[in-house]
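Analysis of the macromolecular model
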Amino acid sequence: MDLTEPSQAANCDQIPIVDLSHLESPSIEERQQLARTIYDACTQVGFFYIKNHGIHEQMINGVHHAAERFFALPEEQKMKFYIGNSQKFRGYSPLEGEKTTGTDDDPISAEEATGVLSEAFDIGYETALDFQKSPGAVLGLDTYGLYGDNQWPDEITLAGFKETYIEYCATALEFCRKLMRIFALALDVPEDYFDTKIQTPGVTSRMMHYPAQPVGETREGLGAHTDWECFTILSQGKVPGLQVLNHRGEWILAPPIPGTLVVNIADCLSTWTNKKFKSTIHRVSNLSGEERYSIPFFFGIDYDATVSVLDNHTSVDNPPCRAPFKAGEWVREKMSKAYVGYKG
């Protein structure tokens with residue numbers, strides 16, 4: 001793995017914990033203090049735990065139980081929702097159904113890419129999981145073919161599954177919009193700077209299952225990579241496996257901490273900051289001897305919105321790290337390279 005790109009390696013030996021008690025404080029001074037704390041975590045590490053985030057533990061436990069129920073289904077039932085049947089990267093990806101792709105600065109060729117020891121169930125943005133949209137609201141133009149059309153198990157197959165997952169994702173989406181305002185403060189732009197760019201945000205959520213490794217065998221559950229959107233909220237259950245690469249080339253374990261979730265910066269938000277915020281390389285390797293389940297929620301801007309380096313983060317000596325680009329074009333390109341069986 002190429003370590004010459006400092007924006008992709010954490011400058012730390014451990015991952016900080018950030019208290020979000022003041023996320024919605026009426027005091028601008030308290031929100032700005034939180035923003036400064038988050039700025040430090042994002043520019044040094046790119047990963048941080050969050051506590052007092054407001055997503056109830058009962059809801060988190062419920063969606064993990066739903067994941068366990070889904071992956072316990074017979075393979076032939078899960079394959080009814082095969083992601084290869086979707087043009088929008090939604091549905092079930094079996095073991096080795098996702099390929100290692102590396103990072104934007106250190107990609108892995110199609111010939112070298114290998115399947116990973118994990119299975120997943122993916123959903124994307126639909127208005128049902130957005131508290132800001134009325135029931136039955138219709139999405140606008142889907143230029144990049146990335147919104148909705150999720151493949152849901154019916155009530156006979158998994159009673160309550162869809163309802164549980166949508167409730168969790170709707171709550172996570174509402175939380176992410178609030179966190180995006182703190183990121184704006186951290187970047188010294190107006191608190192509402194991103195609001196118009198997250199009306200129908202490009203979000204994806206995954207239920208992940210990492211089987212226990214066979215005795216004497218070590219395989220990656222997810223290869224070394226960076227995330228593509230703005231940031232990720234991860235609920236990683238009780239079994240460790242997440243590892244973050246630091247600037248010395250060491251893999252730091254990010255073990256589950258009760259009462260917390262994990263946040264990591266992804267490529268689009270890193271680009272907005274001219275790579276001051278680290279989109280840090282990470283991987284998953286389940287060496288626990290137990291089944292591991294995790295649920296990442298990838299938060300991005302509207303797919304038709306443009307990602308462009310902020311003017312106040314450039315200078316004559318520090319020009320923009322890349323030209324402006326559409327979020328949907330970026331995400332679709334990344335997804336098309338990652339999934340085995342994609343036909344589009």
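Values in this document were obtained by computation on a predicted structure and should not be read as measured data.

1. Here we look at the state of the cysteines
- Scanning all chains against the criterion turns up zero disulfides.
- With no disulfide partner, Cys 230 has as its closest neighbouring cysteine sulfur the one in Cys 268, 5.4 Å distant.
- Residue classification places Cys 268 among the buried residues on the basis of a relative accessible area of 2%.

2. Some words on the environment of Lys 78
- Along the chain, the position of Lys 78 falls in helix H3 (residues 75–78).
- Through-space distance from the C-alpha of Lys 78 to that of Pro 153 is 8.8 Å; in sequence the pair is 75 residues apart.
- For Lys 78, the side chain forms a polar contact with the side chain of Glu 119, separated by 3.1 Å.

3. Focus: the packing of helix H1 (residues 28–44) against helix H4 (residues 161–186)
- Between H1 and H4, the shortest axis-to-axis distance is 8 Å and the interhelical angle comes to 80 degrees. Relative to H4, H1 is oriented roughly perpendicular. Facing Ile 28, Arg 31, Gln 32, Leu 34, Ala 35, Ile 38, Tyr 39 and Cys 42 of H1, the residues of H4 in contact are Leu 179, Ile 182, Phe 183, Leu 185 and Ala 186.
- Of the residues that constitute the contact of H1 with H4, the class distribution is eleven nonpolar, one polar and one charged.

4. As for the layout of surface pockets
- Put simply, the largest pocket is a space of about 450 Å³.
- Asn 61, His 64, Gln 236, Gly 237 and Lys 238 are the residues nearest the centre of the largest pocket, which is lined by 23 residues in total.
- Going through the elements one at a time, helix H2 (57–71), strand S7 (231–235), strand S10 (260–265) and strand S12 (292–299) are the ones with two or more residues in the lining of the largest pocket.
- A per-element tally of the lining of the largest pocket places H2 first, with five residues.
- Among the residues forming the lining of the largest pocket, the class breakdown is ten nonpolar, eight polar and five charged.

5. A word on the side chain of Lys 197
- Within the fold, Lys 197 resides in the loop between H4 and strand S5 (204–210).
- Buried charged residue Lys 197 carries no salt bridge. Nearest counter-charge: Asp 302, at 9.0 Å.
- Among all residues touching Lys 197, those that are not within four sequence positions of it are Trp 272, Ile 301, Asp 302 and Ala 305.

6. So, the nonpolar core
- Counting residues in hydrophobic clusters, the biggest one holds 81 residues, and the most contacted among them are Phe 121, Phe 183, Phe 231 and Leu 269.
- The element contributing the most residues to this core is H4, with 17 residues.
- If near-sequence neighbours (up to four positions away) are discounted, Leu 269 is found in contact with Met 180, Phe 183, Leu 187, Phe 194, Glu 229, Cys 230, Phe 231 and Phe 277.
- Residues Ile 15, Leu 234, Leu 242 and Val 284 belong to the second largest nonpolar core, which totals 16 residues.

7. So, unusual backbone geometry
- The phi angle at Asp 188 is positive, at roughly 60 degrees, despite the residue not being glycine.
- Here Asp 188 lies in the loop between H4 and S5.
- Asp 188 gets classed as exposed once you look at its relative accessible area, which sits at 66%.
- Backbone geometry places Asn 274, a non-glycine residue, at a positive phi of 60 degrees.
- Turning to its location among the elements, Asn 274 is positioned in the loop between helix H5 (267–272) and strand S11 (282–284).

8. Notes on the pattern of salt bridges
- Scanning the entire structure with this criterion turns up eleven salt bridges.
- Across the salt bridge formed by Glu 191 and Arg 31, the nearest N and O atoms sit 2.9 Å from each other. Taken together, the positions of Glu 191 in the loop between H4 and S5 and Arg 31 in helix H1 put the pair 160 residues apart, joining distant regions of the chain. Across the pair, Arg 31 and Glu 191 agree in class, each one buried.

9. Digging into the sheet that holds strand S6 (residues 222–225)
- Taken in spatial order, the four strands of this open sheet run S6-S11-S8-S9, and their pairing is antiparallel. Taken across any chain shown, the strands that pair with only one partner, and hence form the sheet edges, are S6 and strand S9 (251–253). Mean inter-strand twist for the sheet, computed between neighbouring axes without regard to direction, equals 25 degrees.

10. Considerations on the pairing of S7
- With five of five residues buried, S7 is to be regarded as a mostly interior element.
- In S7, alternate side chains face the same way, and those of Phe 231, Ile 233 and Ser 235 on one face and Thr 232 and Leu 234 on the other are all buried.
- For S7 and S10, the ladder comprises four bridges, and the chain directions are antiparallel. When the bridges of S10 are listed, Ile 233 appears paired with Val 263.
- Looking at chain direction, S7 and S12 are connected through five bridges and run antiparallel. Note on S12: the bridge partner recorded for Leu 234 is Pro 296.

About the cut-offs
- Think of each chain on its own: its residues are numbered from 1, step by step along the sequence as written.
- In keeping with the model being predicted, local features are shown solely for residues with a pLDDT of at least 70 and side-chain atom pairs are shown and tallied solely at 80 or more, while totals for entire chains, interfaces and linings include all residues.
- With hydrogens and water set aside, each side-chain value is computed from the structure's full complement of heavy atoms.
- The rule for a disulfide is simple: a pair of cysteine sulfur atoms within 2.5 Å.
- Using a 1.4 Å probe on the protein chains alone, a residue whose accessible area is under 20% of its type maximum counts as buried, one over 50% counts as exposed, and one in between counts as partly exposed.
- We count a stretch as a helix when DSSP gives it H or I for four or more residues in a row; a strand needs E for two or more, and each element gets its number in order from the N terminus.
- The definition of a polar contact used here is a pair of N or O atoms within 3.5 Å, where within protein one atom must be able to donate a hydrogen and the other to accept one, and adjacent residues in sequence count solely through side-chain atom pairs.
- Geometry is summarised by axes, namely lines fitted to C-alpha atoms with helices restricted to the contacting stretch, and by angles between N-to-C directions that run from 0 to 180 degrees.
- Each angle receives one of four descriptions, namely roughly parallel if under 35 degrees, roughly antiparallel if over 145, roughly perpendicular if within 65 to 115, and oblique otherwise.
- The contact rule is simple, with two residues in contact once any of their heavy atoms fall within 4.5 Å.
- For this classification, the nonpolar set comprises Ala, Val, Leu, Ile, Met, Phe, Trp, Tyr, Cys and Pro, the charged set comprises Asp, Glu, Lys and Arg, and every other residue, Gly included, is treated as polar.
- Using only the protein atoms, space was sampled on a 1 Å grid; points where a 1.4 Å probe fits but cannot get out form cavities, open sets with protein on both sides within 12 Å along at least five of seven lines form pockets, and lining residues are those with an atom within 4 Å of a point.
- Grid points are joined across faces, edges and corners, and a volume is the space filled by probe spheres set on the points.
- The convention is simple: Lys and Arg are positive, Asp and Glu are negative, and His and the chain ends are not counted.
- In the sections that follow, a salt bridge refers to a side-chain nitrogen of Lys or Arg positioned within 4 Å of a carboxyl oxygen of Asp or Glu.
- The nonpolar core is taken to be a set of buried Ala, Val, Leu, Ile, Met, Phe, Trp, Tyr and Cys residues, with the residues joined through side-chain atoms within 4.5 Å.
- What makes two strands pair is DSSP finding at least two bridges between them.

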